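Each chain is listed here by its residues.
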Amino acid sequence: MEPLTKTETSSQRADRSELVLTALDVTKSYAGRPVLRGVSLELHAGERLALTGPSGSGKSTLLNCLGGVDRADGGSIRFKNRALEALDGDGLTEVRRRDIGTIFQFFHLLPTLTAAENVELPLQLNGVAPAERAERVHALLKRVGVLGRAQALPGELSGGEMQRVAIARALAHRPAVLLADEPTGNLDSRNGAIILELLRELSDETGTALLLVTHSGAATHICHREIHLRDGLIAGVRDKDAD
Amino acid sequence: MAARPPVLRILWTRFAWRHWRMAPVSSGLLLLILALGVAAFFSIRLANQAAVAGFENFTDLITAESDGLITAPVGTLPTSVLLDLRQLLGNTPVNLVPVLETSAVPPRRADTEGIGARPTLQILGLDLPALVNLAGQAYGSGGGLAGTPGGAGRRIGDQSAADVYISAALARRDGLTNGSILSLVINDRPAELRVAGVIPTPPGRPAAPASLLIMDLPDLQALTDKTGQLDRIEFVLEAGPHRAERWARIKAQLEAANSPTAPRWVVSSSAARRDAGLTMTRAFRLNLTILSLLALLVGLYLVFQGLQGAVVRRRSEIAILRSLGVTSGQIQGAWLVEAAVVGLAGGLLGLALGWLGAQLAVQTVGRTMHALYFGRAVEAAAFDFKEALLALTVAVAASTLAGWRPARLAANTPPAQIAARAGSASDPGGRWLNHPGFGLALLVAGGLLTTLPPVRMDGGGRLPVAAYAAALCWIFGAGVFAGQILSGLGRLIQWLKIESVPLRLACSHLRAPGGRHRLAVAGLVCAVGMTAGMAILVSSFDLTMRGWIARTFQADVYATSDGDQTASTINRIVPATWQSIAADPAVKQANVIQGGEIFINGVSTLLVGHDPRFYRDYSHPAWVSAPRDDAVFDAARNAELVLASESFCERFRLHRGDVVRVPIPGGDRPVTIAGVYADYGNERGSLLIERRQFTNWFGSQLAASVILALQPGEDPEALRAKLRLAHPGLGVYTSGFLRGEALRIFRQTFAVTYALELIGIIVAVAGLAFTMSSLLWERRNDLATLRALGLRRRELSAAAALEGGLLAVAGLVAGLLVSLALGWLLIFRINKQTFGWTLQTDLPGAQLLVLALLVLASATLAGWLAGRWATRLPAEREE
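Residues numbered from 1 in each chain as written. Chains lettered and ligands numbered in written order. Predicted model: local features only at pLDDT ≥ 70, side-chain atom pairs only at ≥ 80, totals over all residues. Heavy atoms only, no water.

## Looking at the overall build of chain B
Scanning chain B for helices and strands turns up 29 helices and 23 strands. Across the 879 residues in chain B, those meeting the buried criterion constitute 57%. Total accessible area on chain B is roughly 34800 Å²; 61% of this is exposed by carbon and sulfur atoms. (Helix = DSSP H or I, 4+ residues; strand = E, 2+ residues; numbered from the N terminus. Buried < 20%, exposed > 50% of the residue type's maximum accessible area, 1.4 Å probe, protein only. Areas by Shrake-Rupley, 256 points an atom, 1.4 Å probe, with all protein chains shown as cover.)

Right under this line is the structure:
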């Protein structure tokens, strides 16, 4: 990987698609220890961006700040032209509810809900009518290959099945950006590969931008670009399209 | 994506409700314990209400509601007053209803039957012929006393001697019909009355209770040796507009005709008379309500712990919901709704349990209230919708309040990305429970509050509000300090370097206890402190009562009317009877007790005529302020001297040497309090005067009881049997029997407190179990690590059991210490200010030891069970 000299290498993509997320000189510290020390990036509709780096490099913190679950100390984050730092707590929640889908390493399915109900939940929260909800849940579960397990509770699903349901849930409300934090970190290599392929396909099909935090080299293969973080700074960028 | 999503509904139906359904046992237990608190509150309120319901004027049931009444300033009214009143009122359209009232009981079934075992009936003597017209007003045409089922029926005015009219309820219950014979004891004589008909129910009025009987006035006067006497005269105005104004004019006319120096009558409105009974017992009822609220308070502590634990267990779920876009406000709202629903469900269950409990409590509360204040029969507590609504509102409001902190904790849960990396959930109550200064301030505030006097209420009742507030301050202050004890305990065991892995693990969590630990200990301190404090009070009361009973009942035989069931019974012994008893050759000396209710400054109390020398020689009174000389015991010198009970002095704020103006027929008489004695028999207080003086003032020779000292060698049991045979209407008791009965009634009165104590302990231990399971849930990854390191499940369970046990030790140390202070407060402030009774202090060591062992064992068991459950939890898996 080359050191960062030109984040602009993705400018060609910027020309052909809408800019959904921009981070400019973002900083963040915990207990006086700087975790992010001025990170800038852009994410376009339909783009898949991998955030890599060693443990403690600031990947997850950056993901949290971009997803509006944590606030940056400095710099600016704009989501579809709305500055996240200007929004209050409810405003950030609203952005998460409508425009962001999240996939977790540990799946985080709600244990009291069936697979179908888990997928339905974001649609309910967004006030989608029941008939449309049922239709979309059915289609998504079918698409991720767990329609036969729709009425199963999370405790009855395998790890791969749980992550498929989690992906369906993250995409249910058609978010502009999908944030995935180590989505294959808790899966075996076969299931991990299947999940990555699924993410690639769904991103292409729906035009949803994907920001993928990963340690896995395999995971970066599905992304258009890779940003490598080290000690809270961007240490390198690789544009797969340019390779 | 347009409609506003019903987020609260989604959160409730999809999450909260499912969690409750998925854990039916713990959910059910939580609801049941809350329901117990609500039930205690509701049942005591219903029992209170039933106990005071007897104050309604019974005559209202048969006539139209009366507008006012007159009574004698003391004693009874002569019948001649009726003529005077009629002359005074001229043609004013008002009906005068003369009333004589007495009580009666069914004859005893067994000779050894306990006091208070038989129901007390009220008999109203009314001028039945005169009521014919009046009844017509109340019932419309054709009104009158109807026949019993199966009987031909009789009409008012058609009665013959010794006929009695009974309620439909009594007719049904005892299968009585027209012509049936009703056996009763009235005064000191058995009486047989013939059932002549049923008291009808006027339209829109409540039915007559089973305890009400009606007789013709002259019949009852003859039966009670009160010929020519009335208890009161009621005034019933004709229906029409401006009724209140018309009564006000009559009242003014009656008052104007009264002599200011020697009043012949006291005029009062019916509403005021009804209120008098309620006012008199208000403090007693409030005290009971406060006690029942304590049960509710501990129930709410459990709701708090339960919801707090649920927040911990559902923390991941909340974090995911936050990630999915549910706002913190919506999360908080959902938890508050959950708390309110818990309150509603627990409240509804509590209403059902409370109604059942009220049927049991009504007997105890009724007996106590009647023994202390007045005599009326209480049969059952009716379901009251207003009271139910109040209990439900209290349950929902208080449960929502208890859920406030857990709801805040839930709302502050960060979204999943952060929650997964953050440490444990925020510490509940950590800040204020971690400040010994705050605890000290509470203890000092409590101490200052104990110096404040009680709130004095109308009717002489006193409510120790400041003392109750002091108790709360001390309980909470000790709860805060218990956290320090916990940490000290953890450090001490660490310092001892005991080679036990489970013990070291347990202590590692206690050295710097978190808010959850501190809260659990505070809950234990509250329960142990209150329970042990109450145990000290009851034990002290028991010791004092035993001493008082032993001193008071030193004579050999006691005789009263067999109808005497309460302190204020109307039944009396006629002179011929008590004179023949006193003249029995086996009797060395007799103390004839006369007495009745008097009002001083409008407040009810008892005036008792007795033999002071007999009292001194055979009772060995416990003096609060002993007489300075023997004058009060000397018939030649005690004409203006009285002995006053401690309750009397507390109630009227008087001391030895003070002068009291006693109302007697024809005016007031000043008397001086020569001494103050301890008396635990009634709360209203008593004044004891020489009986000769009582007879002179009131002109009555009817005795309330006769106390006998026997000649040497005479057998009390033999005399008792002899007197019972000669006077079947008398209740004759030996001192041994009476002592046993007095203690039995006293202990029965305190039965309700044991139930409340038990609820407190169960709740505190259940709260500790909730806490332990929450703590272990949070530590499930650590437990998995410990398992990986080679610890066996039973070792982890043992560590949890030790942690629970040590929590209990800290709670017990602080709880028992605060219980000593609470015991002092209950004995020397709350009890003294409420009842005016001084008690000897007794520390029930064995009882407190049992309590400590019980709490320790239950807490250790709760910790062990929680540990066993937690060692089977998968790490990082959601509930």
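## Observations concerning the packing of helix H6 (residues 159–172) of chain A against helix H7 (residues 189–206) of chain A
Residues and elements named next belong to chain A. Viewed as axis vectors pointing N to C, H6 and H7 meet at an angle of 15°, and their least axial separation amounts to 10 Å. By the criterion of interaxial angle, the relationship of H6 to H7 is roughly parallel. Every pair of crossing elements has a handedness; the one defined by H6 and H7 is right-handed. Of the residues in H7, those touching H6 at Gly 160, Gln 163, Arg 164, Ile 167 and Leu 171 are Asn 191, Ile 194, Ile 195, Leu 198, Leu 199 and Leu 202. (Axes fitted to C-alpha atoms, helices over the stretch in contact; angles between N-to-C directions. Parallel < 35°, antiparallel > 145°, perpendicular 65-115°, else oblique. Left-handed = near helix turned anticlockwise from the far one by under 90°. Contact = heavy atoms within 4.5 Å.)

## Some details on unusual backbone geometry
Positive phi, normally seen in glycine, also occurs at Arg174(A), with a value near 55°. Mapped onto the fold, Arg174(A) is located in the loop between H6 and strand S7 (177–181). Unlike most non-glycine residues, Arg653(B) shows phi in positive territory, near 55°. Structurally, Arg653(B) is set in the loop between helix H22 (646–652) and strand S19 (659–664).

## Notes on the sheet that holds strand S5 (residues 82–83) of chain A
Residue and element names in this part refer to chain A. Across the sheet, four strands lie side by side as S2-S1-S4-S5; this open sheet has antiparallel pairing. One side of each edge strand has no neighbouring strand; the edge strands of this open sheet are strand S2 (33–44) and S5. Its contacts with the sheet place helix H2 (residues 59–66) against strand S1 (19–30), S2 and strand S4 (74–79), and it is angled at close to 55° to S2. (Pairing = 2+ DSSP bridges.)

## A short note on helix H1 (residues 7–22) of chain B
One turn of the α-helix equals 3.6 residues, which is why residues spaced by three or four share an orientation. All names here are of chain B. For H1, which comprises 16 residues, the first-to-last C-alpha distance of 21 Å matches the rise-based estimate of 22 Å (1.5 Å per residue) to within 8%. Maximal helix bending in H1 amounts to about 30°, located at Thr 13. When H1 is considered as a whole, its buried residues turn out to be Val 7, Ile 10, Leu 11, Arg 14, Phe 15, Ala 16, Arg 18, His 19 and Trp 20. (Expected span 1.5 Å × (residues − 1). Bend = angle between axes of the 7 residues up to and from the residue.)

## Overview of the environment of Ala168(A)
All names here are of chain A. Positionally, Ala 168 belongs in helix H6. For the pair Ala 168 and Asn 118, spaced 50 residues apart in sequence, the C-alpha to C-alpha distance is 8.9 Å. For Ala 168, the contacting residues outside a window of four places in its chain are Val 119, Leu 140 and Val 144.

## A closer look at the nonpolar core
All names here are of chain B. If you look at the biggest cluster of nonpolar residues, it comprises 91 residues, and the most contacted ones within it are Tyr 680, Met 772, Leu 825 and Val 855. Of the residues that make up this core, three or more belong to each of domain 3 (430–553 + 744–879) and domain 4 (557–713). When near neighbours in sequence (up to four residues on either side) are disregarded, Met 772 contacts Ala 800, Glu 803, Gly 804, Leu 807, Gly 863 and Ala 866. (Core = buried A, V, L, I, M, F, W, Y, C linked by side-chain atoms within 4.5 Å. Domains from an automatic or database assignment.)

## Some details on the pairing of strand S22 (residues 705–710) of chain B
All names here are of chain B. Along S22, six of the six residues are buried, which leaves the element largely enclosed by surrounding structure. Every second residue of S22 is oriented toward a common face, with Ser 705, Ile 707 and Ala 709 on one face and Val 706, Leu 708 and Leu 710 on the other, all of them buried. Summarising the sheet, strand S14 (residues 557–561) and S22 pair through four bridges and their orientation is antiparallel. When the sheet's bridge partners are listed, Thr 560 is paired in S22 with Ser 705. Here strand S15 (residues 587–600) pairs with S22 via six bridges, running antiparallel. Paired with Ile 593 across the two strands is Ser 705, which belongs to S22.

## Some details on the interface of chain A and chain B
Contacts between the two partners involve 33 residues from chain A and, on the opposite side, 30 residues from chain B. For the chain A and chain B pair, buried surface summed over both sides reaches about 3000 Å², with 60% attributable to carbon and sulfur atoms. Applying the counting criterion to the chain A and chain B interface returns six residue pairs in polar contact (both at pLDDT 80 or more). If you list the elements that add at least two residues to the side of chain A that touches chain B, you get H2, helix H3 (89–99), helix H4 (115–125) and H6 of chain A. Of all the elements, H4(A) adds the most residues to the side of chain A that touches chain B, at six residues. (Buried area = accessible area lost by both parts, 1.4 Å probe. Polar contact = N/O pair within 3.5 Å; in protein donor to acceptor, adjacent residues only side chain to side chain.)

## A few points about the packing of aromatic side chains
Residues and elements named next belong to chain B. This model, assessed by the stated rule, comprises ten aromatic pairs over all chains. Between the aromatic rings of Trp 12 and Trp 17, the centroid separation amounts to 6.4 Å while the plane-to-plane angle is 35°, which identifies the pairing as tilted. Classification of Trp 17 by relative accessible area gives partly exposed; the value is 41%. Plain terms: the ring middles of Trp 474 and Trp 824 are 6.5 Å apart, the flat faces sit at 40° to each other, and that makes the pair tilted. Separated by 350 residues along the polypeptide, Trp 474 in helix H17 (residues 465–496) and Trp 824 in helix H28 (residues 793–835) bring together distant segments of the chain. Residue classification places Trp 824 among the partly exposed positions, given a relative accessible area of 35%. Taken together, Trp 474, Trp 824 and Phe 828 form an aromatic cluster joined through their ring pairs. The ring of Phe 633 has Arg 616 sitting right over it, with the charged end atom 5.0 Å from the ring centre. (Phe/Tyr/Trp six-rings, centres within 6.5 Å; stacked < 30°, edge-to-face > 60°. Lys NZ or Arg CZ within 6 Å of the ring centre and 35° of its normal.)

## As for the pattern of salt bridges
A complete count under the given rule lists 34 salt bridges over all chains for this structure. With a closest N to O distance of 2.9 Å, Glu132(A) and Arg136(A) form a salt bridge. Of the two residues, Glu132(A) and Arg136(A) are both situated in helix H5 (residues 130–144); the distance of four residues between them amounts to about one turn of the helix. For Glu132(A), a relative accessible area of 35% corresponds to the partly exposed category. Judged by its relative accessible area of 8%, Arg136(A) falls in the buried class. One salt bridge connects Glu205(A) with Arg143(A), and the closest N-O pair in it is separated by 2.7 Å. Taken together, the positions of Glu205(A) in helix H7 and Arg143(A) in helix H5 put the pair 62 residues apart, joining distant regions of the chain. Members of the salt-bridge network, linked through shared partners, are Glu117(A), Glu120(A), Arg133(A), Arg14(B) and Arg18(B). (Salt bridge = Lys/Arg side-chain N within 4 Å of Asp/Glu carboxyl O.)

## Regarding the side chain of Glu47(A)
Residue and element names in this part refer to chain A. Looking at the secondary structure, you find Glu 47 in the loop between S2 and strand S3 (48–52). Its relative accessible area of 0% is what places Glu 47 among the buried residues. Among the polar contacts made by the side chain of Glu 47, one reaches the main-chain amide nitrogen of His 44 at a distance of 2.9 Å.

## Digging into the sheet that holds strand S8 (residues 209–213) of chain A
Strand pairing within a sheet occurs via backbone hydrogen bonds; the two strands may be parallel or antiparallel. Residue and element names in this part refer to chain A. Pairing in this open sheet of six strands is mixed, and the strands run S6-S7-S8-S3-S9-S10 from one edge to the other. A single partner strand is all that each edge strand has here, and the edge strands are strand S6 (100–103) and strand S10 (233–239). Between one strand axis and the next, the sheet turns by 20° as a mean value, whatever way the strands run. Of the pairings in the sheet, the one linking strand S9 (residues 225–230) to S10 comprises six bridges and is antiparallel in character. The residue of S10 that forms the bridge with Ile 227 is Val 237. Along the sheet, H3 makes contact with S6 and S7, crossing S6 at roughly 80°.

## Section: a positive patch on the surface
There is a patch of like positive charges on the surface, built from Arg787(B), Arg793(B), Arg868(B) and Arg872(B). Residue Arg793(B) is classed as partly exposed on the basis of its relative accessible area of 34%. (Patch = residues over 30% accessible without salt bridge, like charges linked within 9 Å, V, L, I, M, F, W, Y side chains within 5 Å. Lys, Arg positive; Asp, Glu negative; His and termini not counted. Charge placed at Lys NZ, Arg CZ, Asp CG, Glu CD.)

## Details of a nonpolar patch on the surface
Residue and element names in this part refer to chain B. Where nonpolar side chains cluster on the molecular surface, the patch consists of Val 25, Leu 29, Leu 32, Leu 36, Leu 349 and Leu 353 and spans about 480 Å² of accessible area. Broken down by secondary-structure element, the contributors of at least two residues to the nonpolar patch are helix H2 (24–53) and helix H11 (328–372). For Leu 29, the location among the structural elements is in helix H2. The class for Leu 29 is partly exposed, based on a relative accessible area of 48%.

## Comments concerning empty space enclosed by the protein
Left-over empty space is what a probe sized like a water molecule reveals as it rolls over the atoms. Residues and elements named next belong to chain B. Summed over all chains, the structure comprises five cavities of 30 Å³ or more. If you add up the space inside the largest cavity, you get close to 100 Å³. Around the largest cavity, the lining residues are Leu 11, Phe 15, Ala 16, Arg 314, Glu 317, Ile 318, Leu 321, Ile 331, Ala 334, Trp 335 and Glu 338. Of all the secondary structure elements, the ones that give two or more residues to the lining of the largest cavity are H1, helix H10 (315–323) and H11. (1 Å grid on protein atoms, 1.4 Å probe; cavity = no way out; pocket = protein on both sides within 12 Å on 5 of 7 lines; lining within 4 Å. Points joined across faces, edges and corners; volume = space filled by probe spheres on them.)

## Some details on helix H7 (residues 243–257) of chain B
Given a rise of 1.5 Å per residue, 15 residues ought to cover 21 Å, and the 21 Å separating the end C-alpha atoms of H7(B) matches this to within 8%. Against strand S1 (68–71), helix H3 (81–89), strand S3 (94–104), strand S10 (232–237) and strand S11 (266–269) of chain B lie the buried residues of H7(B).

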